[in-house]
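Structural overview
Spelled out from the first residue to the last, the chains are:
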2 protein chains.
Amino acid sequence: MSITARQIVLAQHPHGMPTDEDLPLREKTLDAPAQGEVLVRVIYLSLDPYMRGRMSQAKSYAAGVEIGQPITAESICEVADSKADGLSKGDIVLARTGWVDHAVIRGEDCRKIDPSLAPISTHLGVMGMPGFTAWVGLIVHGKVKSGDRVCVSSAAGAVGQIVGQIAKAKGATAIGIAGGPEKCQEVEETFGFDACVDYKTGDFKSSLESAAGDGFDIYFENVGGDVLFKVLPLMKEFGRVPLCGMIAWYNLTSAPEGPDMAPQIWRNILSKKLTVRGFINYDDIEHHDAFLQDMSGWLKDGTVKYREDIRDGLENAPAYFRDLLSGGNRGKMVVKVGEDPTE
Amino acid sequence: MSITARQIVLAQHPHGMPTDEDLPLREKTLDAPAQGEVLVRVIYLSLDPYMRGRMSQAKSYAAGVEIGQPITAESICEVADSKADGLSKGDIVLARTGWVDHAVIRGEDCRKIDPSLAPISTHLGVMGMPGFTAWVGLIVHGKVKSGDRVCVSSAAGAVGQIVGQIAKAKGATAIGIAGGPEKCQEVEETFGFDACVDYKTGDFKSSLESAAGDGFDIYFENVGGDVLFKVLPLMKEFGRVPLCGMIAWYNLTSAPEGPDMAPQIWRNILSKKLTVRGFINYDDIEHHDAFLQDMSGWLKDGTVKYREDIRDGLENAPAYFRDLLSGGNRGKMVVKVGEDPTE
């Protein structure tokens with residue numbers, strides 16, 4: 001038995017926006033799975049901005065896609081044939097197949113998904129890495145409790161929007177920071193934060209001070225930069241700062257010009273007796289089941305809202321990806337590649 | 001019954017080194033203790049550099065001594081008369097009497113000392129605040145365990161020298177950082193650290209890298225500045241940074257010139273998943289009894305060494321204080337004001 005897979009491959013490195021010529025559809029005959037492997041049929045494919053970097057020759061922390069190979073991606077799949085222990089035909093799994101409709105992969109690289117918890121596509125978003133990152137940072141490292149005042153930067157982002165909603169679910173007050181009135185409105189109205197402060201306005205500092213009230217118990221840190229310098233002085237004693245990202249500083253190749261803000265950061269941590277904890281969610285995998293149970297419950301009772309932008313057809317993935325890069329999506333961008341048996 | 005107390009008072013604000021004219025001996029008649037008060041007889045007086053600041057008119061975080069009043073100090077005393085619950089004649093207590101030989105103070109401002117734990121003078125040093133700060137930072141916030149590699153800045157200081165010795169007692173490796181060959185030698189030979197690196201030498205960075213081996217599990221931070229920037233990149237994943245002080249940055253009145261080192265600090269915390277915890281020991285008072293038991297045992301079996309420089313006579317306190325400011329002491333400077341009944 002052999003299967004012909006459809007794949008979107010990297011034919012050449014794009015200049016600027018990737019074209020259909022850069023990312024053509026090819027067919028490839030797959031071998032039947034060997035011992036330890038599974039054949040999977042892709043149902044949902046995740047499209048994310050980081051994939052643009054993988055299409056380039058530029059050096060990055062992750063290896064780029066080789067010419068002729070499918071573009072990297074996480075996907076939700078159905079097992080079509082299994083030679084791997086613990087996986088059976090019909091199982092729904094999360095895997096890294098790339099932009100394809102079928103793949104043969106190692107069973108140990110699949111994570112089985114329980115379709116009763118939530119719609120299976122959500123395991124690419126709110127039930128997946130962004131959701132788990134928000135949950136671990138706020139609950140394990142932030143130790144959120146009822147009555148806390150929680151500040152979240154990049155509040156309209158995939159992680160930030162969930163942080164505020166978990167804070168609310170835990171009885172805390174959620175204050176977001178985002179750029180521009182549209183994002184702030186979405187954070188307040190769609191995701192139900194108590195307030196969202198626009199860091200692009202001239203009165204950011206005073207608006208943030210008002211929103212801080214008598215101080216923040218938790219600052220869920222995604223950005224670094226000027227936002228960090230403005231938030232730290234507003235922390236309460238014994239506050240917690242789960243440090244998840246520093247978008248403003250990722251592209252630095254050397255220390256920026258002064259003044260040197262290191263002493264101010266250190267003084268705030270010392271005088272307010274803060275706990276700052278850097279984290280990357282996959283270090284906390286022992287909490288993953290607890291996360292899935294929590295988030296499944298919150299999705300079912302409507303406590304946590306999420307937005308997906310699900311579009312049809314692997315062959316259109318390059319066009320959808322261009323739309324994503326242009327900001328044309330409304331919510332998590334997902335490509336439906338094949339029939340969803342759970343619908 | 002009335003008592004005449006001898007006091008060293010602030011007659012005028014000193015210019016530079018305090019003179020005997022700035023700090024004369026005066027007598028004062030004390031009233032008998034009222035309800036809730038005790039009359040104490042001072043046995044040992046602590047002399048510390050911070051007292052120079054209290055003699056000045058310059059603004060500081062603590063109020064200065066008023067003209068005509070005794071100089072601030074902690075002391076070990078014997079209760080001579082008590083109208084306070086829980087305190088009896090003959091009890092040994094820690095109190096803030098100032099530079100005096102007798103005082104009437106509130107009973108609630110005394111902390112009773114158990115003379116069986118250690119020589120009572122040590123409650124001004126290794127059994128007192130410096131010891132407790134070291135213990136809390138390393139054990140409660142640093143979570144030290146056997147096999148850890150611990151780095152301590154200001155290692156010859158009152159706190160730092162104890163940190164390294166507790167680390168050794170817990171089965172960890174102790175690496176000190178200090179300024180100059182004499183201090184480094186004392187840290188290694190007297191206090192038994194595994195190594196002490198001199199930050200004043202040109203090869204500080206490479207010496208520290210050698211001493212770090214495969215990385216530090218704990219950095220007990222007392223200094224900030226360049227030492228901090230050199231240590232952070234040498235931390236192991238999931239390392240802990242109890243943040244106790246930042247000597248290098250205390251006198252800053254505004255952010256120093258660049259480059260801005262804040263992004264480097266943040267990147268190290270994030271990429272190494274560090275926990276940085278600011279602390280001030282009196283927030284952790286629930287651990288105080290456990291500390292006293294630990295330290296008493298270590299002093300009795302010789303695990304922890306300490307040095308005291310005990311000198312005689314309240315009337316000579318100004319001369320001893322000048323010696324302290326000139327670095328003429330060898331160990332914790334203590335003035336013996338009256339007979340020690342436990343000797």
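Residues numbered from 1 in each chain as written. Chains lettered and ligands numbered in written order. Predicted model: local features only at pLDDT ≥ 70, side-chain atom pairs only at ≥ 80, totals over all residues. Heavy atoms only, no water.

What follows is about the pattern of salt bridges. The tally for this structure, following the rule as stated, stands at 40 salt bridges over all chains. Across the pair Asp283 of chain A and Lys273 of chain B runs a salt bridge, and its minimum N-O distance is 2.9 Å. With Asp283 of chain A in the loop between β13 (275-278) and α8 (288-300) and Lys273 of chain B in the loop between α7 (262-272) and β13 (275-278), this residue pair bridges two chains. Here Asp283 of chain A falls in the partly exposed class, since its relative accessible area comes to 25%. Taking the relative accessible area as the measure of exposure, Lys273 of chain B reaches 4% and is therefore buried. Its salt-bridge partner being Lys332 of chain B, residue Asp48 of chain B comes within 3.1 Å of it at the nearest N-O pair. Of this pair, Asp48 of chain B sits in the loop between β3 (37-46) and α1 (50-54) while Lys332 of chain B sits in strand β15 (residues 332-336), and the two are 284 residues apart along the sequence. In this pair, the class of Asp48 of chain B matches that of Lys332 of chain B, namely buried. Each of Arg106, Glu108 and Asp109 of chain A takes part in a single network of salt bridges with overlapping partners. (Salt bridge = Lys/Arg side-chain N within 4 Å of Asp/Glu carboxyl O. Helix = DSSP H or I, 4+ residues; strand = E, 2+ residues; numbered from the N terminus. Buried < 20%, exposed > 50% of the residue type's maximum accessible area, 1.4 Å probe, protein only.)

Once chain A has been moved 0.1 Å along the axis and rotated by 180 degrees, it coincides with chain B to within an RMSD of 0.1 Å. Taken together, the rotation and translation relating the two chain copies correspond to the operation of a two-fold axis. Identified as the residue of chain A closest to the rotation axis by C-alpha distance is Gly258 of chain A, at 1.5 Å. Mapped onto chain B, 100% of the interface residues of chain A again fall at the interface, so both copies present the same surface. (Least-squares fit on C-alpha atoms with pLDDT ≥ 70 in both. Contact = heavy atoms within 4.5 Å.)

Core analysis: the largest hydrophobic core is formed by 60 residues, its most contacted members being Trp266 of chain A together with Trp266 of chain B. Contacts of Trp266 of chain B, omitting those with residues within four sequence positions, involve Glu221, Gly224, Leu228, Val241, Leu243, Met246, Trp249, Ile265 and Val276 of chain A. (Core = buried A, V, L, I, M, F, W, Y, C linked by side-chain atoms within 4.5 Å.)

Turning our eyes to something else, we now look at helix α8 (residues 288-300) of chain B. Compared with an ideal rise of 1.5 Å per residue, which puts 13 residues at 18 Å, α8 of chain B spans 18 Å between its outermost C-alpha atoms and is within 8% of the ideal. Where α8 of chain B ends, the next residue or the one after it, Gly302 of chain B, has phi of about 80 degrees, a positive value. (Expected span 1.5 Å × (residues − 1).)

Note on interface size: it is often stated as the accessible area lost on association of the parts. Here chain A is described as being made up of domain 1 (3-125 + 306-336) and domain 2 (133-284 + 292-298). Computed from C-alpha atoms alone, the centre-to-centre distance between domain 1 of chain A and domain 2 of chain A is 31 Å. (Domains from an automatic or database assignment.)

Before going further, it helps to examine the environment of Pro14 of chain B. All names here are of chain B. The topology assignment puts Pro14 in the loop between β1 (3-8) and β2 (25-30). Of the residues examined, Pro14 reaches a relative accessible area of 8% and is grouped as buried. Along the primary structure Pro14 and Arg52 are separated by 38 residues, whereas in three dimensions their C-alpha atoms are 9.0 Å apart. Not counting chain neighbours up to four residues away, the residues in contact with Pro14 comprise Asp22, Arg52 and Met55.

Overall, the coordinates contain 10 aromatic pairs over all chains when judged by the stated rule. Where Phe220 of chain B meets Phe279 of chain B, the ring centres are 6.1 Å apart and the plane angle is 85 degrees; that geometry is what we call edge-to-face. Remark: Phe279 of chain B occurs in the loop between β13 and α8 and Phe220 of chain B occurs in strand β11 (residues 216-220); sequence separation between them is 59 residues. When sorted by exposure, Phe220 of chain B lands in the same class as Phe279 of chain B, which is buried. Among the aromatic residues, ring-to-ring pairing joins Phe132, Trp135 and Phe291 of chain A into one connected group. (Phe/Tyr/Trp six-rings, centres within 6.5 Å; stacked < 30°, edge-to-face > 60°.)

This part takes up the packing of helix α2 (residues 129-141) of chain A against helix α3 (residues 160-169) of chain A. Residue and element names in this part refer to chain A. For the pair α2 and α3, interaxial distance at closest approach is 9 Å and the crossing angle is 50 degrees. Comparing their axes, α3 and α2 come out oblique. Between α2 and α3 lies a crossing of right-handed hand. Residue-level inspection shows Pro130, Gly131, Ala134, Trp135, Leu138 and Ile139 of α2 in contact with α3, the latter providing Ile162, Val163, Ile166 and Ala167. Its residues assigned to classes, the contact of α2 with α3 shows 9 nonpolar, 1 polar and no charged. (Axes fitted to C-alpha atoms, helices over the stretch in contact; angles between N-to-C directions. Parallel < 35°, antiparallel > 145°, perpendicular 65-115°, else oblique. Left-handed = near helix turned anticlockwise from the far one by under 90°. Nonpolar A, V, L, I, M, F, W, Y, C, P; charged D, E, K, R; others polar.)

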